[in-house]
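# Geometric and topological summary
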Amino acid sequence: MRMPAEMREEVEMSLLLEAILARYHYDFRGYSIASLKRRLKQAAERFDSGTFLNLRDRLLMEPAIFPQLLDYLTVQVSEMFRDPPFFRALREEVLPHLKTYPSLKVWIAGCSSGEELYSMAILFREEGLESRTIFYATDIHSGALHKAEAGIYSIERLAQFSKNYQDAGGKASLSDYFTAAYGNAVFDKTLRRQTVFSDHSLVSDSVFAEVHLVCCRNVLIYFDKELQNRAVGLFKDALVRRGFLALGAKEGLHLSCHKQNFAEISHGKRIYQKRG
Amino acid sequence: MPVNALPKTVQSRTWSSLSLLASVLVLVAFFIITAWAAFLNTRTVRDAAHKVDESRGLVSEMEDVLSLLKDAETGQRGYVITGDEKYLAPYDDALPQIEKRLPDIEQRVASDDEERARMDTIQVLVKSKLDELARTIALRRTQGFEAARAEVATDRGMSTMDQIRSQFAELEQDQRKIVAVRFDEAQVAFESAVRSGVTSAAVGIVLTVIAGWLLQLAARARLKRDWLRTGQTKLTERLIGDQTVDEVAGQALQCLCQYLDAKVGTFFVADGESFRRAGAFAVPSDARLPARIASGDGLLGQAAKLGRALLVKDVPEGYLAIGSSLGQDRPRHLLISPAMADNAVTAVIEFGFFEPVTAAAVELLDECAEAVGIAIASALSRQRIVELLEETQRQSEELQTQGEELRVSNEELEEQARALQESQARLEQQQVEMEQVNLQLTERTELLQNQRNDLAETKTTLERQAAALDQASRYKSDFLANMSHELRTPLNSSLILAQLLAENRGGNLTAEQIRYATTIKSAGNDLLALINDVLDLSKIEAGRMDVRPQKVFLARLMTSLTQQFDPVAATRSLALRIHALENAPASIETDPQRLEQILRNLLSNALKFTEQGTVELEISEAGIGRIAFAVRDTGIGIDESQQRIVFEPFCQADGTTNRRYGGTGLGLSISRELARLLGGEITLQSRAGAGSVFTLLLPETLQGVVPRAPAPMAALPAPEPRPRGPQREAPQAVADDRDNIDGARKVILVVEDDPNFAEVLASLGREQKFKCLVTATAQEALSLARQYMPSGILLDVNLPDASGLAVLERLKNEPATRHIPVHVISASDYAEKALELGALGYLLKPVAKERLIAALQELEGRMSQRLKRVLVVEDNAVQRDALCGLLASREVEVIGAKSAADCLEHLEKSTFDCMVLDLSLPDASGFVLLDQLSSSDRYAFPPVIIYTGRELTTDEEQRLRRHSQAIIIKGAKSPERLLDEVALFLHQVVADLPREHQEMIAKARSREAALDGKRVLLAEDDVRNVFALTSLLEPYGLNIEIARNGKEVLDALEQARNANTRIDLVLMDIMMPEMDGLTAIRRIRQDAHWKRLPIIALTAKAMPNDQQECLEAGANDYLSKPLNVEKLLSLVRVWMPR
């Protein structure tokens, strides 16, 4: 038997989420409860709202604070070439397959502030695929999308990025791709020449193009099982036959209802190939 | 109801096989012994006979020797007497014989000492006899007869002879004795042989019978064992694999019930302390089975507790009835069996039987119990593992999310720390400044305080004034309301009096005076009207106007209005038309008085401001639940700038108008207010000098606030296809095989309205081993085709309800039916059209039987699979051979071509299912080759897979897409993909329509006039989508222009404007590189030239605000991806300018 207070909190949370959906058309109802609750609590604290119901009332009255709340609701954190063995596997095992297509599309779902996108763009450029590839970088957070489009990162993070890049089998130096000034580094504009930045929700929106590679890392962990299945279903529908799906280190398809549609290649790297 | 707890069955297998072995061993031993005895007896008899033979031989030998001696003696005597040498012949003959035989005899008797002694004596005697003979002969020869006679006369020879004889006689006597003894021995042996033969026969029969019985027992045991083993095997097969507990339960139950011929069964699985029902077999849905049974509860629980099977015989009434649709019965015997794993009961199965339960069934269950138990236990543990796995996954995800969140907070903290440091420095500096500012501020605050006080005062004054104003206005309205009433009372009487005067009842008034009276009346009327208007307006303004909704019949309203205004119109020689459109309702619910007041006002205005022409009131439906009353006139009209103020009270369109036409100018204001009260509005369309249309829009039912219905849009339904030709009655149906389609034979569908010919076709079909479906109507033909998916269709063109060609078209347009080959048979010649639509062949009536059979065979041939053929066009011989080797298989024949010319030659000669094409060929590029293939009818054009070593530009790719199924760039992984694509393609070929047919359909498909020749700009970056949409839209006669991003859209529009060509409609994808769709739409709308260009946005987003965004950006409509073809087509139809 749970504590009534806890139950009340959950009811309040679901009311808050319903309100967000009705007012701002963002659907967080399928997100993993524990994490969402923690983040909402932080937000409630930040907005001096105390309870979720107060936070809800405030949100309904003041549309201006919603973007800030969105920062809490979506965890925007990543680094370039995060998990270098993954990028190495991508380079060695996936790209040779992709090279057989005359034109390519890559969907980076939940691109956050763009670290993954630039990593991917650099990888594709080095493998000579960039010119025939269109990248779709999507996220529900328009603020993050703007950051991604700008491609500016604090110079302090670049050391780690460079190390990852080298570990991932980079062919040059990461510094070839950015210019550093005033404590920041801005990435080469031409890297995003082939990129479409777009607001897209894995919760409510549908497939928009046929793609050859879907990269969705550390996004599904925030979803509950049903929503994970929906998202993977979208990826399945978007992928061409024999297309590739790349997930985060702690995400896997072995419990997904779509697992029979995918085969894991490169064991342990969470890279899957859609079956024919 | 006897209940027996059954013991565990004993393992009888070893016993039965041992007894079988023992019986065989006994049998074998017996036969060995009898054979040995028989052998011994036979040997005894044979020995005896042998010895008898021996004795007899000896005796005859002796007799021979004796007679030889006699011969010798005779010879001797003859010679002695005669001296003639010839008498010596017997003697000479006998001598060697005797010498030869004697040793023989001696040898034969060698075994017996006594006889050997006797034999020695005989030999001595014979020798002396022979000596004597020889001596006498010699004497005769040398000394003559007398000497010899004297010698003979000594009688020595005779006595010797006698001795020999007696010796022989004795010897013979001995031998006879021996023979007699041997005979006796043989007799005994024979008797014993007979005895032992009879005995062994009897014993053998007995033993064989016993062995036979044992063998049968063993066979029966083996049959039972086989049955048990088959049952176990079947069960084990069913239990294999990763199945859930319920699946295992279902499978086990079903398998066992079927195998044991149980009529009903249930399966309970251990779930904690109790048992949960996990499966039921043949249990009627209305049966009330317990979902859970506690251990020890009832028979089932008891069986579970005991861990032993229970057999229940002669079940009483009240047990669950087993039923089919035909009847019901109850099981007579029950068998309840627990399934164990690791000494724990994991499941209990109950079976119900009509017949008594056999021991074998019990045994089978007993043997299966463990398998089922283990299967259940492992399914349970599997389930547990999956749950644990999910839990672990969840936890690991949770950990990851926490990690991510920590990273975020960490970054934030660092950020904040930095910010803090900076702000601290700034703060210190600011503090100094602040202190200074503070002083200044204090001063200013005082100043502001004063100002604020002033402001507050002013505000209070203003509020007071506003309230006063409000009150004054209300006083005014009240006053006006009262005042006009006060005015009306006296005016009323003066009007009546003026009327009376004008009637001149006394006949004492001059014409002049009557005219005055009339003028007074008319002026009074005007005044009254003015007062009424003012009154109404003030009433409305004061909120005192009541509305009483009731049913208003439009016909009555129209009659009343006609009666009122016909005379006025007649006097002004204007035509007045008051009518309702068909879609208008018969009655509405509103306040009739107010409605009539508005209409009267509008009509009288119209009549007033119209010098010549017509005034018209048209009543029509205006969207759902709304009705429009449009008053049209051909009068002076209202200038656009004036249109707004005509509704304002106290100000008229033109100051002079009033004077010219009379009236207060309040009418429209009042009408507008009344319309509002009735929940509607009045709109105006007019131009100066060109008449006006005032439209009163009202809800059909007045009740509270009625929400505005959306503007009528996108509601146009797609036009229904027109029926072709006059409808004829469907003729009598011909009997067909639709009730006994069995799957073993192929089915053809005969569509023919002449019953006789249909009968002929059906019987021909049956002759060709088809099942035939026959119908006479197009409608049924389509439904039968969909329902039965026949392997072929024979189709007539002239059908009673539609043309057969329409049927053909529908069949070929439906993905599900388009692969069915159709042969058309008709009395009129539509061959070209039919073939264009995708028919396999065409026959003109009357048709020879052979041709019909040939047609049926062609259908059959099309149905059966054939070898797939792939053409590989590649100039490099090594590569070509490698590709051929890669692709060839038992079902696939691969042919190589080394050049474009070679390829064309192959394609001209024969057909291929698929072609793999390298783009760089020695004599022509692949592009040229493809163009050539697509533009010429000489070559069969198979689906193409491009296999090239070079990278392609987007334009090239797009060009290739039109003619090819897949494009593969050569590389490390390309052979893999090529094989994959070809295999996939060949697999699809069967179900897919040949490409040339697709194109035929595309050409033949009815070009809708609305779309034919229109230009659509398709903005979409996905080549595959472009291809799909193009091939969808082009058959409708649309010209498609393609842009890959927003910039290209703008360029294309710019070009179209410069070249003075049209773009009729834009399909705009939202997510595109370089410039997205929304930006592009906004930019298009900024240009006045493209203000009215229909734009349909294609978006993957689903939330209402996303779509709103599209519309706000300027799109006319939107369509959500994935695109629904029907919806897209109807949207294109709706928005396409006419």
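Residues numbered from 1 in each chain as written. Chains lettered and ligands numbered in written order. Predicted model: local features only at pLDDT ≥ 70, side-chain atom pairs only at ≥ 80, totals over all residues.

Moving on, we get to the overall build of chain A. In terms of helices and strands, chain A carries nine helices and 10 strands. Split into buried and exposed, the 276 residues of chain A put 50% on the buried side. Taking all contacts inside chain A whose residues are at least 6 apart in sequence as the whole, residues at least 24 apart take part in 76%. (Helix = DSSP H or I, 4+ residues; strand = E, 2+ residues; numbered from the N terminus. Buried ≥ 20, exposed ≤ 12 C-beta atoms within 10 Å, placed from the backbone. Contact = placed C-beta atoms within 7 Å.)

As a further point, take the overall build of chain B. When helices and strands are counted, chain B shows 29 helices and 31 strands. Burial status across chain B gives 29% buried among its 1138 residues. Intrachain contacts of chain B at a sequence separation of at least 6 include 66% that bridge at least 24 residues.

In any sheet, the strands associate via hydrogen bonds between backbone groups, in a parallel or an antiparallel arrangement. Residues and elements named next belong to chain A. Read from one edge to the other, the open sheet built from seven strands follows the order S6-S2-S1-S7-S8-S10-S9, with strand pairing classed as mixed. The open sheet is flanked by strand S6 (195-199) and strand S9 (262-265), the only strands paired with a single partner. Strand-to-strand twist in this sheet, taken as the mean axis angle between neighbours without regard to direction, amounts to 20°. The sheet contact formed by strand S8 (residues 239-247) and strand S10 (residues 271-274) spans three bridges and is antiparallel. When the sheet's bridge partners are listed, Ala246 is paired in S10 with Ile271. (Pairing = 2+ DSSP bridges. Axes fitted to C-alpha atoms, helices over the stretch in contact; angles between N-to-C directions.)

All names here are of chain B. Where helix H27 (residues 1077-1086) meets helix H28 (residues 1104-1113), the closest approach of the two axes is 8 Å, and the angle between their N-to-C directions is 25°. As far as their axial angle goes, H28 and H27 are roughly parallel. Residue-level contacts link Leu1078, Ile1081 and Arg1082 of H27 to Glu1109, Cys1110 and Ala1113 of H28. Across the contact of H27 with H28, the residue classes break down as four nonpolar, no polar and two charged. (Parallel < 35°, antiparallel > 145°, perpendicular 65-115°, else oblique. Nonpolar A, V, L, I, M, F, W, Y, C, P; charged D, E, K, R; others polar.)

Moving on, we come to helix H5 (residues 84-98) of chain A. All names here are of chain A. With 15 residues, H5 extends 20 Å from end C-alpha to end C-alpha; this agrees with the ideal 21 Å at 1.5 Å per step. A maximum bend of about 35° is found in H5 at Arg91. Buried within H5 we find Phe86, Phe87, Ala89, Leu90, Val94, Leu95, His97 and Leu98. Buried positions along H5 lie against strand S1 (104-109), helix H6 (115-126), strand S7 (211-216), S8 and S10. (Expected span 1.5 Å × (residues − 1). Bend = angle between axes of the 7 residues up to and from the residue.)

What follows concerns the pairing of strand S4 (residues 178-181) of chain A. Residue and element names in this part refer to chain A. Note: S4 against strand S5 (residues 184-187), four bridges, orientation antiparallel. From the neighbouring strand, Ala181 faces S5, where its bridge partner is Asn184. Linking S4 to S5, which pair antiparallel, is a turn of two residues; within it Tyr182 sits at a positive phi near 50°.

Here we take up the interface of chain A and chain B. Residue-level contacts link 37 residues of chain A with 44 residues of chain B. Only helix H2 (33-46), H5, strand S2 (133-139) and S6 of chain A provide two or more residues apiece to the side of chain A that touches chain B. The dominant element in the side of chain A that touches chain B, judged by the number of residues it contributes, is H2(A), at four residues. Of the residues that constitute the side of chain A that touches chain B, the class distribution is 15 nonpolar, 14 polar and eight charged.

Residue and element names in this part refer to chain B. The parallel open sheet is built from five strands, whose spatial order is S23-S22-S24-S25-S26. The outermost strands of the open sheet, each flanked by one partner alone, are strand S23 (892-897) and strand S26 (964-969). Between one strand axis and the next, the sheet turns through 20° on average, direction left out of account. Along the sheet, helix H20 (residues 900-909) contacts strand S22 (868-873) and S23; its crossing angle with S23, the most-contacted strand, is approximately 140°.

Attention shifts here to the nonpolar core. Counting residues in each nonpolar core, the largest one holds 162 residues, and the members touching the most others are A:Ile108, A:Val214, B:Val916 and B:Met1068. Contacts of B:Val916, omitting those with residues within four sequence positions, involve B:Val870, B:Val872, B:Val873, B:Leu883, B:Ile945, B:Tyr947, B:Leu978 and B:Val982. Counting residues in each nonpolar core, the second largest holds 52 residues, with B:Cys255, B:Phe267, B:Leu310 and B:Val357 among its members. (Core = buried A, V, L, I, M, F, W, Y, C linked by C-beta atoms within 7 Å.)

A few words on unusual backbone geometry. Most peptide bonds are trans, and most residues other than glycine sit at a negative phi. All names here are of chain B. One non-glycine residue, Asn343, lies in positive phi territory at about 65°. By the secondary structure assignment, Asn343 is in the loop between strand S8 (333-341) and strand S9 (344-353). Residue class for Asn343 comes out exposed when judged on the 7 C-beta atoms lying within 10 Å of it. A positive phi angle is found at Glu1074, which is not glycine, with a value near 65°. Inspection of the secondary structure assignment puts Glu1074 in the loop between strand S29 (1065-1069) and H27.

Take the packing of helix H5 (residues 156-239) of chain B against helix H6 (residues 245-260) of chain B next. Residues and elements named next belong to chain B. Two elements in contact, H5 and H6, have axes whose closest approach is 9 Å; the angle formed by their N-to-C orientations is 155°. Taken together, H5 and H6 sit at an angle that is classed as roughly antiparallel. Crossing angle aside, the handedness with which H5 passes H6 is right-handed. Along its contact with H5, which presents Gly231, Lys234, Leu235, Arg238 and Leu239, the element H6 presents Val248, Gln251, Ala252, Cys255, Leu256 and Tyr259. The residue inventory of the contact of H5 with H6, partitioned by class, reads seven nonpolar, two polar and two charged. (Left-handed = near helix turned anticlockwise from the far one by under 90°.)

Residue and element names in this part refer to chain B. Averaged over chain B, the pLDDT score is 79; the fraction of residues at 70 or greater is 87%. Within the model, pLDDT remains below 50 along residues 705-731, and this stretch shows 26 contacts once partners closer than five positions in the same chain are excluded. Low pLDDT (under 50) marks residues 989-1007, which in the prediction has 26 contacts with non-local residues, meaning those over four places away or in another chain. Here the predicted complex carries an ipTM of 0.72, next to a pTM of 0.49. (pLDDT = per-residue confidence, 0-100.)

Before going further, it helps to examine the environment of B:Glu132. As for its placement among the helices and strands, B:Glu132 is situated in helix H3 (residues 113-143). The buried category is assigned to B:Glu132, around which 21 C-beta atoms lie within 10 Å.

A few words on the confidence of the model for chain A. This prediction gives chain A a mean pLDDT of 88; 99% of its residues lie at or above 70. Least confident of the elements in chain A is H2(A), whose mean pLDDT is 85; most confident is S7(A), at 94.

Here we take up the environment of B:Leu960. Residue and element names in this part refer to chain B. Its location among the elements puts Leu960 in helix H22 (residues 954-961). The class for Leu960 is buried, based on 22 C-beta atoms found within 10 Å. Those residues in contact with Leu960 that lie beyond four places of it in its chain are Ile946 and Ile967.

Before going further, it helps to spend a moment on H3(B). All names here are of chain B. Compared with the 45 Å implied by 1.5 Å per residue over 31 residues, the 43 Å span of H3 between its first and last C-alpha is a close match. All of the buried residues in H3 are Glu115, Met119, Ile122, Leu125, Val126, Lys129, Leu130, Glu132, Leu133, Thr136, Ile137 and Arg140. In the segment just after H3, Gly144 is the residue with positive phi, at about 95°.

Summarising the element assignment, A:Glu126 is placed in helix H6. Each C-alpha atom, one on A:Glu126 and one on A:Gly170, is 8.1 Å from the other, the two residues being 44 residues apart in sequence.

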